Amino acid sequence: MSVFQGAYRAHTNIALIKYWGKANKDLFIPTTSSLSLTLDALYTDSRVTFSSDFDKDVFYLNGQLRNEVETAKISQFLDLFRAEAAVDLKAKVESVNHVPTAAGLASSSSAFSALAAATRSALNLEGQISDQVLSTYARRGSGSATRSIFGGFVEWQKGTRNENSMAVRVDEANWDIGMVIMAINTAEKRVSSREGMAHTLNTSPFYPEWVKQNMIDLDRIKAAIVKQDFQLMGEIAEANAMRMHATTMAADPSFTYFEPETIKAIQVVQDLRATGVLAYYTIDAGPNVKVLCRASQMDEVVAFFKVYFPHMDFIKTTAGPGIQRLDRWEYEDGAFA
C-alpha cells in the first residue's frame, strides 16, 4: 500500500483593491489585478491523504462528508497536481474551516490555498512548484485563494495566461495594521460571488469604468503602503469597495449585497472617523463590514460599534502569515508521519 500525506494551514484575506470579474472563467484569470491583506484570526486547516487503497476521492468539511457535487470540484482541483506528479492515486481530503462559509468572509481564499499547499506537500512537489507558482494552482479553485499563499499585503497580478496570473507579496504588514470584522449575516449569500460578478460584467454599464479605475486605485494604494500612509491607504480601499458595489447596483437587473445593517455600519464608521480615529470600511460580496484600523485601536473601534450594535459579534484581527505546514493533525487522530 502506498500512502502520501500532507497538511497545511492558510489564512483568509480581505481585498482592499477588489477582484470582481473574470477575463477567462475557465482559468480564473481576472479582468483586473487586486490587492489584499491576509488576516491572522481566520484560517483553514487541510489534510490530504493519497492512497493506493482508495477507490475514489472523498471530501470532509468540518468533519462532515460532503456530497458528490462538492467532491467533484475538489477532485478536479486535485487533478492539477496529479497531472504534475504523474500519479492517479485517489485522495481523502479533510478541511476544518475556522471561517464562516459562503458569508462574504472569503472562506474560499483560505480553503483552496490550504488545499493547494497540502496537496503539493503530499505529492512531494515542493521542488517543482514554488510558492509563487503554487498561487497559480490555488487560483484554479478560487480566485481569492491566489493571494492567501502569502502573508501581509499581497497583490494578485492579473496576468494574461495561466502561468503569469499569480500572487506577489507587497509588504509584510508588520506595522500598526488591524481589522475589525462585523458578522452582520453569516448565512449563505442569495447571490454567489461567481454569479454576481458574471452578471455584473455582462450587464452593468459601470463595469468598463470600474476596470479602468481599479488600475489607478491599485497603483495608488501600493505607493501608500510603501510610505506606510495609513490614511491614504484607507481612503483608497474604502472608495474602491464602494465602486465595486456601485457596479452591482447598476447591473440589469440590479442587485446588492448590502443589508440595512450594512448601511448603518457604514454610517457608524463615518461617525467614528469624525471623532479622530482613522477607520475605513471595506465590503466584499456580502453584507459583512470590515473596518480597517490601527491594531492598537481595535478595542476602541469595537467599543464604539457596541453602542450601536450591542448584540453584534465582532472579530478582531491583525495581519496574518502565509501558508504554514502542520506537523500535527489535531482534529481526529493526532500525530501523523
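From a predicted model like this one, the values you see are computed outputs, not experimental measurements.

What counts, and at which threshold
- Residues numbered from 1 in each chain as written.
- Predicted model: local features only at pLDDT ≥ 70, side-chain atom pairs only at ≥ 80, totals over all residues.
- Heavy atoms only, no water.
- Helix = DSSP H or I, 4+ residues; strand = E, 2+ residues; numbered from the N terminus.
- Rg over C-alpha atoms; globule rule 2.2 N^0.38 Å.
- Buried < 20%, exposed > 50% of the residue type's maximum accessible area, 1.4 Å probe, protein only.
- Contact = heavy atoms within 4.5 Å.
- Areas by Shrake-Rupley, 256 points an atom, 1.4 Å probe, with all protein chains shown as cover.
- Lys, Arg positive; Asp, Glu negative; His and termini not counted.
- Charge placed at Lys NZ, Arg CZ, Asp CG, Glu CD.
- Core = buried A, V, L, I, M, F, W, Y, C linked by side-chain atoms within 4.5 Å.
- Pairing = 2+ DSSP bridges.
- UniProt positions renumbered as here; feature names shortened; annotations may be inferred.
- Axes fitted to C-alpha atoms, helices over the stretch in contact; angles between N-to-C directions.
- Parallel < 35°, antiparallel > 145°, perpendicular 65-115°, else oblique.
- Left-handed = near helix turned anticlockwise from the far one by under 90°.
- Nonpolar A, V, L, I, M, F, W, Y, C, P; charged D, E, K, R; others polar.
- Expected span 1.5 Å × (residues − 1).
- Bend = angle between axes of the 7 residues up to and from the residue.
- Polar contact = N/O pair within 3.5 Å; in protein donor to acceptor, adjacent residues only side chain to side chain.

J.: Quick one: what's the story with the overall build of the protein chain, residue by residue and with numbers?
T.: Within the protein chain one finds eight helices and 14 strands. For 337 residues, the compact-globule formula gives about 20 Å, and the C-alpha radius of gyration of the protein chain, at 20 Å, lands near that figure. Judged by the C-alpha coordinates and their principal axes, the protein chain covers about 65 × 40 × 40 Å. Expressed as a percentage of its 337 residues, the buried residues of the protein chain come to 54%. Within the protein chain, residue pairs in contact and separated by at least 24 positions form 76% of the contacts whose partners lie at least 6 positions apart. For the protein chain, the accessible surface area stands at approximately 14,300 Å², while carbon and sulfur atoms represent 49% of it. Distance between charge centres in the protein chain, computed from 34 positive and 39 negative side chains, equals 3 Å.

J.: An account of the nonpolar core is needed here, citing residue identities and associated values.
T.: Residues F50, F81, L115 and L134 are the most contacted members of the largest nonpolar core, which totals 32 residues. Broken down by secondary-structure element, the contributors of at least two residues to this core are strand 1 (3-17), strand 4 (34-51), strand 5 (58-61), helix 1 (68-85), strand 7 (90-97), helix 2 (107-122) and helix 3 (131-139). Sorting elements by how many residues they give to this core places helix 2 first, with seven residues. Apart from the residues lying within four places of it in its own chain, the contact partners of L134 are F81, A116, A117, R120, I129, I149 and I323.

J.: Give a detailed account of the pairing of strand 4, specifying residues and quantitative values.
T.: Of all 18 residues making up strand 4, 16 are buried, and the element is well covered by its neighbours. Of the pairings in the sheet, the one linking strand 1 to strand 4 comprises 13 bridges and is antiparallel in character. The partner of N13 across the bridge, within strand 4, is T38. Sheet topology places strand 4 next to strand 8 (residues 153-157); four bridges connect them, and they run antiparallel. By the bridge assignment for strand 8, S36 is matched with V154.

J.: Could you give an account of the UniProt feature "domain: Mvd1 C-terminal" (unreviewed entry) in the protein chain, with specific residues and numbers?
T.: Listed under "domain: Mvd1 C-terminal" (unreviewed entry) in the UniProt record, and renumbered for this structure, are residues 180-316. In residues 180-316, helix accounts for 56% and strand for 11%; the two terminal C-alpha atoms are 5 Å from one another.

J.: Now, about the packing of helix 5 (residues 207-226) against helix 6 (residues 230-249): what can you tell me, with residues and values included?
T.: Between two packed helices, what matters for the description is the angle formed by their axes and the separation of those axes. Contact geometry for helix 5 and helix 6: axes closest at 9 Å, N-to-C directions at 165°. As the angle between them shows, helix 5 and helix 6 are arranged roughly antiparallel. With respect to the hand of their crossing, helix 5 and helix 6 are arranged in left-handed fashion. Of the residues in helix 6, those in contact with Y207, W210, Q213, N214, D217, R220, I221, A224 and I225 of helix 5 are L232, M233, I236, A237, N240, R243, M244 and T247. When its residues are assigned to classes, the contact of helix 5 with helix 6 shows 10 nonpolar, four polar and three charged.

J.: I'd like to hear about helix 1, residue by residue, with values.
T.: The end-to-end C-alpha distance of helix 1, which contains 18 residues, comes to 25 Å, matching closely the 26 Å that a straight helix rising 1.5 Å per residue would cover. At D79, helix 1 shows its maximal kink, close to 25°. Taken residue by residue, helix 1 has T71, I74, S75, F77, L78, F81 and R82 as its buried positions. Those residues of helix 1 that are buried lie in contact with strand 4, strand 5, strand 7, helix 2 and helix 3. Where helix 1 begins, one side-chain oxygen reaches toward the backbone nitrogen of V69, 3.1 Å away; that side chain belongs to N67. One or two residues past the end of helix 1 sits A86, with phi positive at roughly 55°.

J.: Before we move on, could you go through the pairing of strand 12 (residues 289-293) and cite the residues and values that matter?
T.: Extensive coverage of strand 12 is indicated by the burial of five of its five residues. By the alternation rule, side chains of strand 12 split into V289, V291 and C293 and K290 and L292, which are all buried. For strand 10 (residues 178-182) and strand 12, the ladder comprises five bridges, and the chain directions are antiparallel. Looking across to strand 12, one finds that V180 is bridged to V291. Summarising the sheet, strand 11 (residues 279-282) and strand 12 pair through four bridges and their orientation is antiparallel. Looking across to strand 12, one finds that A279 is bridged to C293. Taking the residues that link successive antiparallel strands as the turn, the strand 11-strand 12 hairpin has six residues.

J.: Requested: an account of the sheet that holds strand 11, with residues and values cited.
T.: If you trace the four strands from one edge of the open sheet to the other, you get 11-12-10-13, paired in antiparallel fashion. Where the open sheet ends on each side, the last strands, each with one partner, are strand 11 and strand 13 (314-318). Averaged over all pairs of adjacent strands, the angle between strand axes in this sheet comes to 25°, irrespective of strand direction. Across five bridges, strand 10 lies against strand 13 in antiparallel orientation. Along strand 13, the bridge assignment pairs I181 with I315. Packed onto the sheet, helix 7 (residues 260-274) meets strand 10, strand 11 and strand 12 and runs at close to 160° relative to strand 11. Contacting strand 10, strand 12 and strand 13, helix 8 (residues 298-308) crosses the sheet at an angle of about 165° to strand 13.

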